[in-house]
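Chain by chain, the residues run as shown.
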Amino acid sequence: MIAVALRSLRHRPTAVIATFVAVFLGTALMASFATLVESAFDAHDDDREIMMIIGGVVGGWGTLIVLFAVASTVGIVAEQRGRETALLRTLGATPRQARALIVIEAAVVALVAAAGGALVASLGGAVLFDALQRATIVTRATDYDGGPASVVTTAAVVVLVSTVAAVIGSRRATRGPAGLALRAAEVPVRRLRWWRVVAGIVLVASGLASAIVTITVTGKSTNPYAAMETSGSAAVVAGVGLATLAPWFLRLFATPVGPLLRRFGAGYLAAENLTRRPHVLAGMLGPVIVLVSTAVGTLVMVAVDARTRAAFGDPEGVGDMITMLNCVLVGVISLFAAIMVINSAVAVVAHRRSELDRIWRVGATRAQLGASIALEAGVIAAIGIVIGLLGSTATAVPYSIARHEGVVPNGQLWLPPLVAALALVLTVGAAWGAYRGTTGGIRRREGWGRELQPAP
Amino acid sequence: MSMPNVSGMAHDTPALAVEGLRKRHGSGPGAVDALVGIDLAFARGTFTAIMGPSGSGKSTFLACVAGLDRPTAGRILLDGVDVTDWDETARTRMRRDRIGFVFQDFSLIPYLTAAENVALPARLAGRRLPPETVREALARVGLADRADHLPSALSGGQQQRVAIARALVTQPAVLLADEPTGALDSATAREVLGMLRAAVDDLGQTTVMVTHDPVAASYADTVVFLVDGRVAGQMAKPNADAVAAQLAHLDQLVGVAK
């Protein structure tokens, strides 16, 4: 099975690249911040707390997003192997062997990528520490002490999460008898798993709880940054929770949009695909929700803080640094959400190559196919923006209330539309790019669509 | 694409004709000549089988005629109209509106029901077929009670019958079938072939079918044999044994013509 797995890897460069990029960047970022925490143990007393906060807060919330990105990418890739594993099983592979193929592949790619990421982090951690010292956030009394312990632990966690995600994905890919699997491989209609519903509800509830605590307790605290400690993470947690329920939201919103789209050919294809295969396209919706929720929530909070800092005071003089940390966090999260959107768009569209080819043979023009892909992505982006903005209120509204600006913040209200526009461009652009990449290679020669026929 | 009015056309205009059709795959020393000058005319209401050994150009011929592939030289006339130089979009519209295609792999869209698959080409053309038209098309292939099933809930033979209903529902000038029984067992294959035959007899549907199966070919009015991209003979009112004998003979000719 290992030999088959390695051979199979060479035939699936897109899937390998998607997993590799997510794991590599994820390990590099997470481990860089982990070295700060490791250094903090032996740090000068003046520095220990701030290093723990930076490493823990940025690293911690970044880790949640990174792990979500890695898990969703590996999960998508593993699940899409349904047809291949069904074929292997009809040839005599046991479900266990077929699952082993998927898991070994994911583990090998994750191991190599995590090793590369760890290497980058062992340099990146020192660079980060140096930057903090230059910015006089950390004093000269403390030395960089990030070593293999934090880097290797982080890499191991990322590899573990990737492997677990592959195990879950592979179970889906090998469910049911082999013959049925081969026929049904095209449309794995499936409900949201119960543990996913539970996880989503728990996350959304804890985001709501943070919001309530912010309004009722920490917002009234004399420490001006107590409210931020409780509300800052609410949009991240709520966003990830809402993203976990993405297939359900897609079904809920795509159905009423359907009649509008069905008026013309490309819209008909988009509408049918959106309503009939929410589980496939939800892979694109989840990251959009996380992106919009965290970016809008955090940026609005930073804006409110900047406007009201004078009124609420900043006795410890940490305001600028906290703003910087928040911006770094938004940057990390946006980067990973963007990677996830692109990864899932490429995976979803590339997976549909034979289906697009079939529709073309039946009589859809290439313009219609392209338009249907763009429309799907547009609808997904719109739903993601609505849900994401909902999630962002978990941070924005309580913090705005805590700082006496009321439910709606007093300024910089162009932030949400700006983030929404960027998310829309990113989603549609990623899907369009994936579509062009899928058909472009064939388009260059005549006779796109002949790959299912025997070579002449 | 506006097509000339059929009633205003001489009745002997072939539904489909090709003149000097050539197709070269690739270029330079590695180029392969799949078709080297084919002249054929398919009269209205006839059922023609195209046969030949592997690599004889059968599938390339069908792909060129359907506008899936562009010939290197020669003309393709659909209902007397030269469609050879039409661009990709025009050829797609032609395929959607004027040609019915049945593929070996059925080519059904997995997330659409049988009825929706049948109505898809019209949908893509921006039209909605009346529900009774779709129902009749499915009833004609004996699947009236399967209209709301997804392809994954249908057997291979049923899926191919849905594909036939889809190909016939727009009343195309010509029905093209590429190894339509290639993925079916022999009993199911006979059912599907009987339906193609019925479309010719009852609806006057001009049909061209590529196959390697002598039994399938025996359902046609005429068999055209291809060898090395050329027409190597025809047989009227074929029976399976005669076709098989002729094929065995042609296998020995492969490569000799070059």
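Keep in mind that what you see is a predicted model, and the values were worked out from it rather than measured. (Residues numbered from 1 in each chain as written. Chains lettered and ligands numbered in written order. Predicted model: local features only at pLDDT ≥ 70, side-chain atom pairs only at ≥ 80, totals over all residues. Heavy atoms only, no water.)

### Description of the overall build of chain B
Right, on to step 1. Looking only at helices and strands, chain B has 8 helices and 10 strands in total.
Right, on to step 2. Taking 18 Å as the expected radius of gyration for a compact globule of 258 residues, we find that chain B reaches 18 Å, a close match to that expectation.
Right, on to step 3. With respect to the three principal axes, the spread of C-alpha positions in chain B is 55 × 40 × 40 Å.
Right, on to step 4. Taking all 258 residues of chain B together, 55% fall into the buried category.
Right, on to step 5. Looking at chain B alone, contacts between residues at least 24 apart form 69% of all its contacts between residues at least 6 apart. (Helix = DSSP H or I, 4+ residues; strand = E, 2+ residues; numbered from the N terminus. Rg over C-alpha atoms; globule rule 2.2 N^0.38 Å. Buried < 20%, exposed > 50% of the residue type's maximum accessible area, 1.4 Å probe, protein only. Contact = heavy atoms within 4.5 Å.)

### Quick notes on the interface of chain A and chain B
Right, on to step 1. The interface is formed by 31 residues belonging to chain A together with 33 residues belonging to chain B.
Right, on to step 2. Where chain A abuts chain B, roughly 3,100 Å² becomes buried across the two surfaces, and 58% of that area is made up of carbon and sulfur atoms.
Right, on to step 3. For the interface between chain A and chain B, the tally reads 2 salt bridges.
Right, on to step 4. Across the pair A:Arg361 and B:Asp105 runs a salt bridge whose closest N-O atoms are separated by 3.2 Å. (Buried area = accessible area lost by both parts, 1.4 Å probe. Salt bridge = Lys/Arg side-chain N within 4 Å of Asp/Glu carboxyl O.)

### Here we look at the pattern of salt bridges
Residues and elements named next belong to chain B.
Right, on to step 1. If you walk through the whole model with that rule in mind, you get 23 salt bridges over all chains.
Right, on to step 2. With a shortest N-O distance of 3.2 Å, Asp-145 and Arg-146 are connected by a salt bridge.
Right, on to step 3. Accessibility expressed as a relative area gives 26% for Arg-146, which makes it partly exposed.
Right, on to step 4. The salt bridge partner of Asp-221 is Arg-197, with a shortest N-O separation of 2.9 Å.

### As for the sheet that holds strand β6 (residues 99-102) of chain B
Residue and element names in this part refer to chain B.
Right, on to step 1. As summarised here, the arrangement of the 6 strands in space is β6-β7-β8-β3-β9-β10, forming an open sheet in which the pairing is mixed. With one partner strand each, in any of the chains shown, β6 and β10 (230-236) form the two edges of the open sheet. Averaged over all pairs of adjacent strands, the angle between their axes in this sheet comes to 20 degrees, without regard to strand direction.
Right, on to step 2. The sheet contact formed by strand β3 (residues 47-51) and strand β8 (residues 207-210) spans 4 bridges and is parallel. Looking at β8, one finds that Ala-49 is bridged to Met-209.
Right, on to step 3. Where helix α1 (residues 58-65) meets the sheet, it contacts β3, β6, β7 (174-178), β8 and β9 (222-227), and its direction lies at approximately 145 degrees from that of β7.
Right, on to step 4. Along the sheet, helix α2 (residues 88-98) makes contact with β6 and β7, crossing β6 at roughly 80 degrees. (Pairing = 2+ DSSP bridges. Axes fitted to C-alpha atoms, helices over the stretch in contact; angles between N-to-C directions.)

### Looking at unusual backbone geometry
Negative phi characterises most residues that are not glycine, and trans characterises most peptide bonds.
All names here are of chain B.
Right, on to step 1. Phi at Ser-107 is positive, roughly 55 degrees, even though this residue is not glycine.
Right, on to step 2. Tracing the backbone through its elements, the reader meets Ser-107 in the loop between β6 and α3 (114-124).
Right, on to step 3. The class for Ser-107 is buried, based on a relative accessible area of 0%.
Right, on to step 4. Even without glycine at this site, Glu-179 takes up a positive phi of about 45 degrees.
Right, on to step 5. When you line up the elements, Glu-179 lands in the loop between β7 and α6 (186-203).
Right, on to step 6. Relative accessible area serves as the criterion here: at 10%, Glu-179 is assigned to the buried category.

### Topic: the confidence of the model for chain B
Residue and element names in this part refer to chain B.
Right, on to step 1. For chain B, per-residue confidence averages 87 on the pLDDT scale, and 93% of positions sit at 70 or higher.
Right, on to step 2. Overall, residues 1-9 carries pLDDT values under 50, and its contacts beyond four positions in sequence, including any with other chains, amount to 12 contacts.
Right, on to step 3. Scoring of the predicted complex yields 0.75 for pTM and 0.71 for ipTM. (pLDDT = per-residue confidence, 0-100.)

### Here we look at the domain arrangement of chain A
Residue and element names in this part refer to chain A.
Right, on to step 1. Domain boundaries assigned for chain A yield domain 1 (1-186) and domain 2 (193-440).
Right, on to step 2. When each unit is reduced to the centre of its C-alpha atoms, the spacing between domain 1 and domain 2 is 22 Å.
Right, on to step 3. On the side of domain 2, 30 residues touch domain 1, which itself brings 27 residues to the contact.
Right, on to step 4. Between domain 1 and domain 2, a total of about 2,500 Å² is buried, with carbon and sulfur atoms accounting for 80% of that surface.
Right, on to step 5. Remark: the boundary between domain 1 and domain 2 carries 0 salt bridges.
Right, on to step 6. For the side of domain 1 that touches domain 2, the secondary structure elements donating two or more residues are α2 (13-41), α3 (45-79) and α6 (148-173).
Right, on to step 7. For the side of domain 1 that touches domain 2, the leading source of residues is α3, giving 13 residues.
Right, on to step 8. Broken down by class, the residue content of the side of domain 1 that touches domain 2 amounts to 18 nonpolar, 6 polar and 3 charged. (Domains from an automatic or database assignment. Nonpolar A, V, L, I, M, F, W, Y, C, P; charged D, E, K, R; others polar.)

### A few points about the pairing of β10(B)
Residues and elements named next belong to chain B.
Right, on to step 1. In this sheet, β10 lies alongside β9 in antiparallel orientation, the contact comprising 5 bridges. Pairing of Val-227 across the sheet is with Arg-230, part of β10.
Right, on to step 2. What sits between the antiparallel neighbours β9 and β10 is a turn of 2 residues, in which Asp-228 has the positive phi angle 50 degrees.

### Describing helix α8 (residues 194-216) of chain A
Every α-helical turn comprises 3.6 residues, leaving residues that sit three or four positions apart pointing alike.
Residues and elements named next belong to chain A.
Right, on to step 1. An ideal rise of 1.5 Å per residue puts 33 Å on 23 residues; α8 measures up with 32 Å between its terminal C-alpha atoms.
Right, on to step 2. Within the sequence span of α8, burial applies to Gly-200, Gly-207, Ser-210, Ala-211 and Thr-214.
Right, on to step 3. Buried positions along α8 lie against α9 (226-231), α10 (234-244) and α16 (366-402). (Expected span 1.5 Å × (residues − 1).)

### Some points on the nonpolar core
Right, on to step 1. Counting 145 residues, the largest nonpolar core has A:Ile54, B:Leu16, B:Phe61 and B:Leu176 as the members making the most contacts within it.
Right, on to step 2. In terms of residue count, the dominant contributor to this core is helix α13 (residues 278-312) of chain A (16 residues).
Right, on to step 3. Here this core gathers at least three residues from each of two domains, domain 1 (1-186) and domain 2 (193-440) of chain A.
Right, on to step 4. Among residues more than four places away in sequence, those in contact with B:Phe61 are B:Val18, B:Leu21, B:Leu35, B:Ile38, B:Leu40, B:Phe42 and B:Ile50. (Core = buried A, V, L, I, M, F, W, Y, C linked by side-chain atoms within 4.5 Å.)

### Remarks on the sheet that holds strand β1 (residues 16-25) of chain B
Paired through backbone hydrogen bonds, the strands of a sheet run either parallel or antiparallel to each other.
Residue and element names in this part refer to chain B.
Right, on to step 1. In space, the 4 strands of this open sheet follow the order β2-β1-β4-β5, with antiparallel pairing throughout. Where the open sheet ends on each side, the last strands, each with one partner, are β2 (32-42) and β5 (81-82).
Right, on to step 2. Here 2 bridges tie strand β4 (residues 73-78) to β5, and the two strands are oriented antiparallel to one another. Residue pairing across strands places Leu-77 opposite Asp-82, the latter belonging to β5.

### Some points on the environment of B:Asp201
Right, on to step 1. Positionally, B:Asp201 belongs in helix α6.
Right, on to step 2. Within the local environment of B:Asp201, its side chain forms a polar contact with the side chain of B:Arg197, the two groups lying 2.9 Å apart. (Polar contact = N/O pair within 3.5 Å; in protein donor to acceptor, adjacent residues only side chain to side chain.)

### Thoughts on the packing of helix α5 (residues 156-168) of chain B against α6(B)
Residue and element names in this part refer to chain B.
Right, on to step 1. α6 packs onto α5 with a crossing angle of 15 degrees between their chain directions and a minimal axis gap of 10 Å. For the element pair α5 / α6, the angle class is roughly parallel. In this structure, the crossing between α5 and α6 has a hand that is right-handed. Touching Gly-157, Gln-160, Arg-161, Ile-164 and Leu-168 of α5 are Thr-188, Glu-191, Val-192, Met-195, Leu-196 and Ala-199, all from α6.
Right, on to step 2. In terms of residue class, the contact of α5 with α6 is made up of 6 nonpolar, 3 polar and 2 charged. (Parallel < 35°, antiparallel > 145°, perpendicular 65-115°, else oblique. Left-handed = near helix turned anticlockwise from the far one by under 90°.)

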